[in-house]
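One letter stands for each residue in the lines below.
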Amino acid sequence: MSQNGIHALVGVAARKWAPQKEWLLIGVVLGSMAPDLDNLAVAYVTLTKGDAHALHRTFTHSFFTILAVLAAFYLIAMLTKNQKWNNLGIGLGIGILLHILLDLALWFNGVELLWPLGGELNFWAGFTPPAWLSVILDTGEFLAFGLYFLLLISLSRKHNTDSERQGSVKNLAYVEFALFVIFATLFLAKGSTGLPYTIYGALYLISLITALVITVKMKKTIELV
Ligand SMILES: [Zn+2]
């Protein structure tokens, strides 16, 4: 998996060139993060003892998902006569596309671009990262979430927005950094298996959902360039 916080950072970086349309940029950031919510399904299937590995980077990482999202939000915008929904849908589509491209380029895995038609595209076939690198990549999720939270705080200081959230988001950033140190040390010493890895997975999912919630709550900060 590539670190979700890095996807979020890339989404926020899109501020530089995204047109100023209401809800567009928040869509780009959410769309950059959302595809990894498929790990919720992976967790569920793992708990029910199915073949979970076959799921990640499939149904949320497909070009067809982008088309479905664009169509759904276009419909909602028509029905509600509110163009903002369409902006949000376009933003989500751009975000998911950025996510897919970054996943393809980085971190040693393939993506099923045309799911459900199959045919994984993998620039990294035949390369298996060494165990220590996998530990750093896994636990680096926490590090990247922490950095994303710090970026949101610095933007909110700059624009004087969402000031009331700065304290709690900063604390969360510190929690993420602590989790990175704890789990990286633990996994490097004892290997990433068993109950600690399950706990890691649960904390990762909680962090991902927390990051999505904070993104929505701080949308004023993100939408101000
Ligand atoms: Zn992904």
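Residues numbered from 1 in each chain as written. Predicted model: local features only at pLDDT ≥ 70, side-chain atom pairs only at ≥ 80, totals over all residues.

Caption draft 1: Summary view of the overall build of the protein. The helix and strand inventory of the protein stands at nine helices and zero strands. Its helices and strands in sequence order give the protein the pattern α-α-α-α-α-α-α-α-α, from N to C terminus. The C-alpha atoms of the protein give 18 Å as radius of gyration, which agrees with the globular expectation for 225 residues (17 Å, within 12%). For the protein, contacts bridging at least 24 residues in sequence account for 69% of all contacts bridging at least 6. (Helix = DSSP H or I, 4+ residues; strand = E, 2+ residues; numbered from the N terminus. Rg over C-alpha atoms; globule rule 2.2 N^0.38 Å. Contact = placed C-beta atoms within 7 Å.)

Caption draft 2: Here's a closer look at the packing of helix 4 (residues 63–80) against helix 5 (residues 83–105). At a minimum axis separation of 7 Å, helix 4 and helix 5 run at an interaxial angle of 170 degrees. Taken together, the axes of helix 4 and helix 5 lie roughly antiparallel to each other. In this structure, helix 4 uses T65, I66, V69, L70, A72, F73, Y74, I76, A77 and T80 to contact helix 5, whose residues at the interface are Q83, W85, N86, L88, G89, I90, L92, G93, I96 and L97. Grouping the amino acids of the contact of helix 4 with helix 5 by side-chain chemistry returns 14 nonpolar, six polar and no charged. (Axes fitted to C-alpha atoms, helices over the stretch in contact; angles between N-to-C directions. Parallel < 35°, antiparallel > 145°, perpendicular 65-115°, else oblique. Nonpolar A, V, L, I, M, F, W, Y, C, P; charged D, E, K, R; others polar.)

Caption draft 3: Main features of the nonpolar core. Judged by nonpolar contacts, the single largest core of 44 residues is most densely connected at V29, Y148, F149, L152 and A211. Residue assignment for this core shows that the elements contributing at least two residues are helix 1 (4–13), helix 2 (24–33), helix 4, helix 5, helix 6 (131–159), helix 7 (166–190) and helix 8 (194–217). Other than its neighbours up to four places away in sequence, F149 contacts V169, L172, A173, E176 and I214. (Core = buried A, V, L, I, M, F, W, Y, C linked by C-beta atoms within 7 Å. Buried ≥ 20, exposed ≤ 12 C-beta atoms within 10 Å, placed from the backbone.)

Caption draft 4: Region of the structure containing helix 2. Within helix 2, 10 of the 10 residues are buried, leaving the element largely enclosed by the surrounding structure. Here helix 2 has its buried residues at L24, L25, I26, G27, V28, V29, L30, G31, S32 and M33. Of the surrounding secondary structure, the elements contacted by the buried residues of helix 2 are helix 1, helix 5, helix 8 and helix 9 (219–223).

Caption draft 5: Spotlight on the packing of helix 1 against helix 6. Between helix 1 and helix 6, the least distance of the axes is 6 Å, while the angle of their chain directions is 30 degrees. The pairing of helix 1 with helix 6 is recorded here as roughly parallel in orientation. For the pair helix 1 and helix 6, contact is made by N4, G5, I6, A8, L9 and V12 and by E141, A144, F145, L147, Y148 and L151, respectively. Looking at the contact of helix 1 with helix 6 residue by residue, the class counts come to nine nonpolar, two polar and one charged.

Caption draft 6: Structural detail: the environment of A105. Tracing the backbone through its elements, the reader meets A105 in helix 5. Assessed through the 10 C-beta atoms surrounding it within 10 Å, A105 is described here as exposed. In sequence terms A105 and T58 are 47 residues apart; their C-alpha atoms lie 16 Å from each other.

Caption draft 7: View of unusual backbone geometry. Here K81, not a glycine, exhibits a phi torsion of approximately 50 degrees, which is positive. Take K81: there are 7 C-beta atoms within 10 Å of it, and that puts it in the exposed class. Of note, N160 is a non-glycine position whose phi angle comes to about 60 degrees, a positive value. For N160, the position within the fold is in the loop between helix 6 and helix 7. Residue class for N160 comes out exposed when judged on the 9 C-beta atoms lying within 10 Å of it.

Caption draft 8: Layout of the environment of G89. Tracing the chain through its elements places G89 in helix 5. Overall, G89 belongs to the buried group, with 24 C-beta atoms counted inside 10 Å. Each residue touching G89, except ones within four places of it in the same chain, is listed here: G27, V69, L70, A72, F73 and Y74.

Caption draft 9: How the structure looks around helix 7. Compared with the 36 Å implied by 1.5 Å per residue over 25 residues, the 36 Å span of helix 7 between its first and last C-alpha is a close match. Of all the residues in helix 7, the buried ones are V169, L172, E176, L179, F183 and F187. Buried residues in helix 7 make contact with helix 6 and helix 8. G191 sits one or two positions beyond helix 7 and adopts a positive phi of about 85 degrees. (Expected span 1.5 Å × (residues − 1).)

Caption draft 10: Representation of the confidence of the model for the protein in the model. Confidence in the prediction for the protein averages 90 pLDDT; 98% of positions are at 70 or higher. Within the protein, the lowest mean pLDDT, 86, falls on helix 3 (residues 38–47), and the highest, 97, falls on helix 7. (pLDDT = per-residue confidence, 0-100.)

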